[in-house]
Amino acid sequence: MFKIRKETYKFTGRSHSIKGIVSAVTGGVGVVSILVLFILSGVYRGNGSILLGAGGMLLFILTVTGFILGVKACTEKEIYYTAPITGMVANGILSIILFILYIMGLFI
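Right, let's walk through the structure included here. Given the structure is predicted, the values throughout are model-derived calculations rather than measurements.

**Some thoughts on the overall build of the chain**
And then number 1: Counting its regular elements, the chain contains 3 helices and 2 strands.
And then number 2: N-terminal to C-terminal, the α/β element order of the chain is β-α-α-β-α.
And then number 3: In summary, the chain has a C-alpha radius of gyration of 20 Å against a globular reference of 13 Å for 108 residues, an excess of more than 25%.
And then number 4: Seen along its three principal axes, the alpha-carbon backbone of the chain occupies a region of about 70 × 35 × 20 Å.
And then number 5: Per-residue burial over the chain gives 23% buried out of 108 residues.
And then number 6: Considering only contacts within the chain whose residues lie at least 6 apart along the sequence, 78% involve residues at least 24 apart.

In structure tokens, the structure reads:
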């Protein structure tokens, strides 16, 4: 009447990629940093110092680096893909937002 479930364990050789974890952490740091930059820009009513712009450029370089690390992590074999894909998505979206923001700043 009742089937007894046999507990089985599946052992695989997969592990978490260091590059993928670094990419995901970079994405998290990027999200927090862009929020801080947006809040500081609002506090200064859009007239922030050159430090806000320099921080944004450094953040853009950081997000592009995190995206590249995520892509390199996805090429590794026998890894869990959760961290690299999360890092790629977060860093990719942030890179696009920052790129559009700087292009708009050139023309406006």
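Here the narrative resumes, following the displayed structure.
**Remarks on the environment of Leu101**
And then number 1: Relative to the elements of secondary structure, Leu101 occurs in helix H3 (residues 82-107).
And then number 2: The spacing of Leu101 and Gly56 is 45 residues in sequence and 9.7 Å in space, taken between C-alpha atoms.

What counts, and where the lines are drawn
Residues numbered from 1 in each chain as written. Predicted model: local features only at pLDDT ≥ 70, side-chain atom pairs only at ≥ 80, totals over all residues. Heavy atoms only, no water. Helix = DSSP H or I, 4+ residues; strand = E, 2+ residues; numbered from the N terminus. Rg over C-alpha atoms; globule rule 2.2 N^0.38 Å. Buried < 20%, exposed > 50% of the residue type's maximum accessible area, 1.4 Å probe, protein only. Contact = heavy atoms within 4.5 Å.

Distances and angles like these do not, on their own, reveal function.
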